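Residue strings, one per chain:
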Protein chains: 2
Amino acid sequence: MEPTILDVAEKAGVSPSTVSRVINETAPVAEATKKKVTDAIESLGYRTNKFAHALRKQSSNVFGIIVPDISNPFFSTLIRGAEDRFHEGGLSTMICDTKGEPKKEIRNIEMLVKERVDGVVATSAESAGNGINRLFEEEIPVVAVDRSPTSNEITTVLADNEGSGKKATGHLLEKGCRRIGFVRGPSGVSTAHERFTGYVNALEERELHADDDLITQGDFTFSSGKRALERLREKNRNSGPPDGLVVANDLMAVGVIRKAEELNVKVPGDLAVVGFDDILLSKLINPTLTTVSAPTYRMGATAAGLLLNEVESNRMGRADRGKRVVFATELVERESSQLGGG
Amino acid sequence: MEPTILDVAEKAGVSPSTVSRVINETAPVAEATKKKVTDAIESLGYRTNKFAHALRKQSSNVFGIIVPDISNPFFSTLIRGAEDRFHEGGLSTMICDTKGEPKKEIRNIEMLVKERVDGVVATSAESAGNGINRLFEEEIPVVAVDRSPTSNEITTVLADNEGSGKKATGHLLEKGCRRIGFVRGPSGVSTAHERFTGYVNALEERELHADDDLITQGDFTFSSGKRALERLREKNRNSGPPDGLVVANDLMAVGVIRKAEELNVKVPGDLAVVGFDDILLSKLINPTLTTVSAPTYRMGATAAGLLLNEVESNRMGRADRGKRVVFATELVERESSQLGGG
DNA sequence: TTGAAAGCGCTACCAA
DNA sequence: TTGGTAGCGCTTTCAA
């Protein structure tokens, strides 16, 4: 049988309370007593019983991490950032993959509620963040990452997506592109929308404007990128093709590049392409993809840190929430945007 | 305050034991009483307290899933298979990403032990499965997936890797390749070794034999694939280059293809390439990659199912373990192996 | 600085 | 078919 705190107490010749105090450093204990206790713990191989501890403290010391797709390097890096921060504090984590499906997200959240996690870092499937609201109702602390939730009571960690859109567009302008198109992401996702806003603003700053014939939409998948280019070529059969394309994420951008190849459109010769996220694939394809990257690991770590603060201040009876942290992004220049004019 | 089972009992005018019996269906309860109880539960919004339940039952109803890399589609699919099976039974899961580092694996396992999970499905970082042994010591039921553990007491779910190696090699032989090389995976990984064995056997069956000049090793990463081809060209400067290459996983195979491009070696014209795993990337690169795929989702689901059986039989005092399930694999023919001779 | 003891919320035994 | 109640292993008052 597993030894309990009583066994340790007996072996050390002290009371269970003293053992508890030694383990949790929750009150001063005489050096000599402490030694007796730690020795007893050692020799019995005692480990505290999670269930009893949690029942007594009404806290699981487990934190949830929700993302739409764990196999997307953007999110697996985000997860690593958050996990490292949690593990540092001896806290455990439950990772949930919603596959971008709101239904699955709800089920995952039900699981986290059942497990009575102490808090959640979430990139919701939908921007609106139905799931996040659910957690808010349950009074489980949440920090939103890479999504702007509706409530401004919710602490949020974001990349500067509008700035990213501006950077990508500005880069193509500098490279000499004159007709720059945009492939938008899913309508519900704030990230995608903000990138588009950046594109529009970059054009307007130079007194250009976004031509409807050069704009289409995808759903962040590879194949939707392929379809997007097809649709675009259809649209501007008369007005003439774009010479540059900003694509709302890398995976779609890769789709665009593949389709361009099929259509004998040279990238970057005929069409310069920029994506967002800097996934592994972007370095592997031919031509390599120019993209805008966010400090994903730090975003995850920061989100976890803010969540921990929030949990802590809840315990102190304070309630500080609704913070907003925005991280700057960075243009990663690769082959897909290298026109002759450099 | 959260309602407890006592509140429900009071509201329904019954004893707490009866409420428990209704919730857990652990003993017959009169229809009328049951209704009173469920009504009370409903109106109070009662939910059972995980901590108290777990303490009493000495069981967390949580299962661990350990993989070397969650962003590898092979493993994220495996995870999905296992998770679906667990969630079906109302069980929760903790996913652990070891990044292929034994040290991280140990830390993850410590976490699972601390959380007192009821069982673990594990693809260990090392084949030897140090971590898995640790779980075995702790008497936590384990099922190994995609790795042959040392102990044959441990239930194992595998793909037929040797068969895969044979299939890949046989395919190139049929396509007319005469000098077929192999890029091996990390030495500690049984999967990689078995694929190589299949290659050797396929050659021997046709009374050919593996030429040392055509064999090199990588570590499953993209860049190690690039280096592998370089090294190979170095090695057979005199003996002549291979006309076909079996590469122990897709990611390295993609590296090989990219490097071939740099060296002006045409794939598949000069060099046919086959990989293993059928990751997403294999469909996206140019040329698309011929590969051997395993029924990953089913492997995950099967592993979870076997684990659940094992846990169940432990509870009944039986001990059935050490089963071994091997799944057949399938060749996915794409462009990288289409020689003129079809 | 230490100990005694109550009680977190649940399940399951024993009795009725 | 139901109720009373002990106890899972821990933390935390209160008292010494």
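Data block above holds the structure.
Below or above, wherever it landed, is the structure these notes cover.

Definitions and limits used
Residues numbered from 1 in each chain as written. Chains lettered and ligands numbered in written order. Predicted model: local features only at pLDDT ≥ 70, side-chain atom pairs only at ≥ 80, totals over all residues. Heavy atoms only, no water. Helix = DSSP H or I, 4+ residues; strand = E, 2+ residues; numbered from the N terminus. Rg over C-alpha atoms; globule rule 2.2 N^0.38 Å. Buried < 20%, exposed > 50% of the residue type's maximum accessible area, 1.4 Å probe, protein only. Contact = heavy atoms within 4.5 Å. Buried area = accessible area lost by both parts, 1.4 Å probe. Salt bridge = Lys/Arg side-chain N within 4 Å of Asp/Glu carboxyl O. Polar contact = N/O pair within 3.5 Å; in protein donor to acceptor, adjacent residues only side chain to side chain. Phe/Tyr/Trp six-rings, centres within 6.5 Å; stacked < 30°, edge-to-face > 60°. Lys NZ or Arg CZ within 6 Å of the ring centre and 35° of its normal.

Once that is clear, we can look at the overall build of chain A. Check the secondary structure of chain A and you find 13 helices and 12 strands. For chain A, the C-alpha radius of gyration of 26 Å lies well beyond 20 Å, the compact-globule estimate for 342 residues. For chain A, the spread of C-alpha atoms along the three principal axes comes to 90 × 35 × 30 Å. Sorting the 342 residues of chain A into buried and exposed places 54% on the buried side.

By a widespread convention, an interface's size corresponds to the accessible area lost as its parts come together. Each partner contributes residues to the interface: chain A has 43 residues there, and chain B has 42 residues. Carbon and sulfur atoms supply 54% of the area buried between chain A and chain B, which totals about 4,000 Å² over both sides. Per-residue buried area on chain A facing chain B is highest for Phe51, Arg116 and Leu284 of chain A; these three make up 20% of the total on that side. Inspection of the chain A/chain B interface yields eight salt bridges. As a salt-bridge pair, Glu2 of chain B and Arg116 of chain A come within 3.0 Å of each other at their nearest N and O atoms. At the boundary of chain A and chain B, one finds 18 residue pairs in polar contact (both at pLDDT 80 or more).

The subject of this paragraph is the packing of aromatic side chains. Under the defined criterion, the tally for this structure stands at 10 aromatic pairs over all chains. Ring centres 5.1 Å apart and planes at 90° place the aromatic pair Phe74 of chain A and Phe75 of chain A in the edge-to-face group. Each member of the pair, Phe74 of chain A as well as Phe75 of chain A, carries the same accessibility label: buried. On the numbers, 4.8 Å between centres and 45° between planes, the contact of Phe182 of chain A with Tyr199 of chain A is tilted. One end of the pair, Phe182 of chain A, is in strand β6 (residues 180-184); the other, Tyr199 of chain A, is in helix α9 (residues 190-205), with 17 residues separating them in the sequence. Here Phe182 of chain A matches Tyr199 of chain A in class, with each residue buried. An aromatic cluster of three or more residues is present, and its members are Phe182, Phe196 and Tyr199 of chain A. The residue whose ring lies beneath Arg184 of chain B is Phe196 of chain B, and the NZ or CZ to ring-centre distance is 3.8 Å.

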